[in-house]
Amino acid sequence: MKKCLSKLLFAIALLPVAVSCSTTKVLQEGQKRLQRNEVIVLNPHPDFSASSVSTYIRQTPNSSFFGLNPFLSIYNWSDNQDKGLKGLFKKIGEPPVIYEESSVSISERSIESRLEYLGWFNSKVESEVVETGDKLVSVRYYITLGQRYRISDIVYEVPEGLEFSQDFLADTKSSTLHVGDYLSEEALLSEVNRSVDVLKNKGYFSIDRGDYSFEADTLRSDGTLSLKYKVQATGAPLCKVHIGQVNISYPEDLKFNESVLKGMNLIKPGDIYNETAISNTYSRFSALKVFNRVNIDRKQVADDVLDCDISLSNSKLQGFKADFEVSTNSTGLMGISPQLTVYHKNLFGGGEWLNVGFNGNFQFRLDDNVHSNEAGTSISLSFPKFLGLSYDHFKGASVPRTELNLAFNYQSRPEYTRNMLSASIGYTGNVNKKFSYLVYPVQLSYVRLFDLNSDFAQKLDRNPFMKYTYQSHCDLGLGFNLSYSTSADVIPKSSYWTIRFNGDISGNLISLFKGMLKTNEAGEKVIFGAPYSQYMRAQFSVARAIRFGNEDKQSIAVRLLGGYGFAYCNSTVLPYEKQFYCGGASSMRGWQARALGPGYSKLDETFSIPSQTGDLKLEADLEYRFPMFWMVEGALFAEVGNVWKKKEIDLGALAADWGFGIRVNMDFLLLRLDMGLRLRDPSLENKWLDPLTALRTRGFGIHFGVGYPF
């Protein structure tokens, strides 16, 4: 990591010089660098975009950053040498894309084929190579769009007298091909795929895409055609099949409860063959995470009978995961957050997951004794079923899991010491691999504060709001976390949406029995010697990342986030652990965690470690991500947001920051180092800060994290 970081810092120092240097220095005699590709449509049409064919150009030029190629210039300093300082330049830099004449003709044919596929028949593509500088060329691809044909009528041809024919014709009302549509191979293929999927779910195991064919007469002068849609068996007869024998096998050395496998299995003897049932069974067995490989072998033993053999191979059942975050700011306050989780994926032989976690958060300054220590442990046990309901209630690809959680957290701060014991029962699952949910019908926590610093205790007595915030309390309620994401990758490689919504409702159940509870001096009902909390809280965020540029290696990511909570009846304020905060590795990176707000507030010196929170949070984030060299990526970001107390909401108190970061992207893991500079600090008299002022007045934060911030 240190080696990568030193290379990056060295490269950044050289960028101003590199920008002005040659990008063709290492080219041999007769070689030229491809500077640009252009796609020009000679007869533009509103239904056609040049971007739909640009990816079919064989050669793409070097990546650029705002039109500049600094890392290409650095590569040229190497003189193609592999050793010494020049070898370092070669590793850091990006080699030039050398123009290949043969690639142009290949690209022409690829574009023409793509146009034919999209329904622009007899299109023409010609190219022009333009010298744009010394040893620099650009290639222009000129497209003349061909003719398109509308479908005037559709005639179906299927075998007569078969049950298949009735099922097929009944499904044509759902066809994606319609009279009046433009004909294209893309549309035909889409319809074939849809029809095959429908018929396989109706029992026609042998139906195949090769059984479909189309005939079209394009010789009409009016630009229309008659489409003949034909289905004819090319292999086994087109008849429905039923499931015969179903066998499930797994390694003998793996102890596993077969009743779980039978419950998860949707392939039942005697049922009509259904492709979705096969796919969902595969997903269910894979989701257990006990089996490294799931294979479902289908064998047709008669015209109308199909046997299924499900073979499972076990995976590594035990292991651990580690996470680590570091942050600091200009005041010298360091924050270190390690996390270790030990897991077992088959604790009782039925796909039960056990997770035992250890986490900490340690904040300190090297030049004094100020410190805050937080440590916790948790245990979670997850069962592969919805306790209380049988597997028969769930027919999809996912079966909800039941989670039992127990956790203990200890926090020692200069102002107080706090213990928190929590327990919950919940259900988790996903739908269509994009939507996931986590619902806790019961979540209980008991928070006890003690060893209050005398000065801190006196300030609490003078401030009722703070006093209610920092007191022992009991919390019993329900919670939920809903998430939608168009990418399942740990490190997304394409454009994606992410939407999250979570909330908590607490205290209402206990309030039904408040007549049986004791009342303390403040008039609060207490349980286990502490007042119970009664509140509602919700947070919503939506993030969008758009990939663009050469090979989609650059992206713009945007996030909008809002949260609000309020206390009522037995409580006057939200519990401290449920209040919102800004700052840290993934939020308002110009500030350390809990160092911003609420509103116009200055940093409360009552706390040696930042502890600024609020009832309302608003934040917007913008980040530009771009490749640099090797596995290293860069980022520029800007953020605006703050937290507020519910009676002090004023959008004039919005804070703003900007910054830059570097990331090492290893596909399965992304390490991130960001530096945020305050642009607008609402707690200052002169709220706007230039970069030098921010640095001089300690208005910045440095954060190390894992994964993208959003």
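Preceding this section is the structure that the text describes.
Right, let's walk through the structure included here.

Each value, and the rule that gives it
- Residues numbered from 1 in each chain as written.
- Predicted model: local features only at pLDDT ≥ 70, side-chain atom pairs only at ≥ 80, totals over all residues.
- Heavy atoms only, no water.
- Phe/Tyr/Trp six-rings, centres within 6.5 Å; stacked < 30°, edge-to-face > 60°.
- Helix = DSSP H or I, 4+ residues; strand = E, 2+ residues; numbered from the N terminus.
- Buried < 20%, exposed > 50% of the residue type's maximum accessible area, 1.4 Å probe, protein only.
- Lys NZ or Arg CZ within 6 Å of the ring centre and 35° of its normal.
- Disulfide = S-S within 2.5 Å.
- 1 Å grid on protein atoms, 1.4 Å probe; cavity = no way out; pocket = protein on both sides within 12 Å on 5 of 7 lines; lining within 4 Å.
- Points joined across faces, edges and corners; volume = space filled by probe spheres on them.
- Nonpolar A, V, L, I, M, F, W, Y, C, P; charged D, E, K, R; others polar.
- Pairing = 2+ DSSP bridges.
- Axes fitted to C-alpha atoms, helices over the stretch in contact; angles between N-to-C directions.
- Contact = heavy atoms within 4.5 Å.
- Salt bridge = Lys/Arg side-chain N within 4 Å of Asp/Glu carboxyl O.
- Core = buried A, V, L, I, M, F, W, Y, C linked by side-chain atoms within 4.5 Å.

Turning our attention to the packing of aromatic side chains. One pass over the structure, following the stated rule, counts 24 aromatic pairs. Aromatic side chains Phe548 and Tyr624 sit 6.3 Å apart centroid to centroid with 20 degrees between the ring planes, which places their arrangement in the stacked category. Separated by 76 residues along the polypeptide, Phe548 in strand E22 (residues 535–548) and Tyr624 in strand E24 (residues 616–629) bring together distant segments of the chain. By relative accessible area, Tyr624 is classed as buried at 11%. Taken together, Tyr156, Phe164, Phe168, Tyr204, Tyr212, Phe214 and Tyr229 form an aromatic cluster joined through their ring pairs. Positioned above the aromatic ring of Trp353 is the side chain of Arg401, whose terminal nitrogen or guanidinium carbon lies 3.5 Å from the ring centre. Taking the ring centre of Phe637 as reference, the NZ or CZ of Arg589 above it sits at 3.8 Å.

Turning next to the state of the cysteines. In the structure shown here, the tally under the stated rule is zero disulfides. Cys308 provides the cysteine sulfur closest to Cys239, a residue in no disulfide bond, and the two sulfurs are 16 Å apart. Residue classification places Cys239 among the partly exposed positions, given a relative accessible area of 25%.

All told, the structure shown has six cavities of 30 Å³ or more when counted by the stated rule. Quantified by volume, the second largest cavity comes out at close to 60 Å³. Lining the second largest cavity are Pro492, Ser494, Ser495, Tyr496, Ala545, Arg547, Ser555, Arg625 and Tyr708. By residue class, the composition of the lining of the second largest cavity is four nonpolar, three polar and two charged.

Two pairing modes exist for strands in a sheet, parallel and antiparallel, and in both the strands are linked by backbone hydrogen bonds. With respect to topology, three strands assemble into an open sheet ordered E1-E3-E2, the strand pairing being mixed. With one partner strand each, in any of the chains shown, strand E1 (33–41) and strand E2 (124–133) form the two edges of the open sheet. Pairs of neighbouring strands in the sheet enclose a mean axial angle of 20 degrees, with direction left out of account. Sitting on the sheet, helix H5 (residues 101–117) touches E2 and strand E3 (136–144), and the angle it makes with E2 is about 140 degrees.

This part takes up the sheet that holds strand E5 (residues 212–216). Strand order in the open sheet formed by three strands is E4-E6-E5, with mixed pairing between adjacent strands. Since the sheet does not close on itself, it has two edges, and those belong to strand E4 (150–157) and E5, each with one partner. For this sheet, the mean angle separating the axes of adjacent strands, direction not counted, is 25 degrees. Here E4 runs beside strand E6 (residues 224–231); their pairing, made up of seven bridges, is parallel. In the strand pairing of E6, Tyr156 is matched with Tyr229.

A side chain of one charge can pair with a side chain of the opposite charge when the charged atoms of the two come close. Here the structure, examined in full by the defined rule, presents 28 salt bridges. Of the charged contacts, one joins Lys228 and Glu215 as a salt bridge, the two residues approaching to 4.0 Å between their closest N and O atoms. Of the two residues, Lys228 sits in strand E6 while Glu215 sits in strand E5, which places them 13 residues apart along the sequence. Residue Lys228 is classed as partly exposed on the basis of its relative accessible area, which comes to 29%. Looking at Glu215, the relative accessible area reads 39%, which means it is partly exposed. Taking the shortest distance from any N to any O, the salt bridge between Glu619 and Arg559 comes out at 3.4 Å. Here Glu619 is found in strand E24, whereas its partner Arg559 is found in strand E23 (residues 554–567), with 60 residues between them in sequence. According to the relative accessible area criterion, Glu619 is buried, its value standing at 4%.

Attention shifts here to the nonpolar core. Most often, soluble globular proteins have nonpolar side chains that are buried together. Within the largest apolar cluster, 24 residues are counted, with the highest numbers of intra-cluster contacts made by Phe256, Phe285, Leu288 and Phe291. Elements with a contribution of two residues or more to this core: helix H8 (258–264), helix H9 (275–287), strand E8 (291–302) and strand E9 (305–314). Ranked by residue count, the leading element in this core is E9, at four residues. Leave out the neighbours within four places in its chain, and Phe291 touches Tyr250, Leu254, Phe256, Leu261, Phe285, Leu312, Ser313, Asn314 and Ser315. Core analysis: the second largest hydrophobic core is formed by 21 residues, Tyr149, Phe168, Val196 and Leu199 among them.

None of the figures reported here should be taken as evidence of function without further support.
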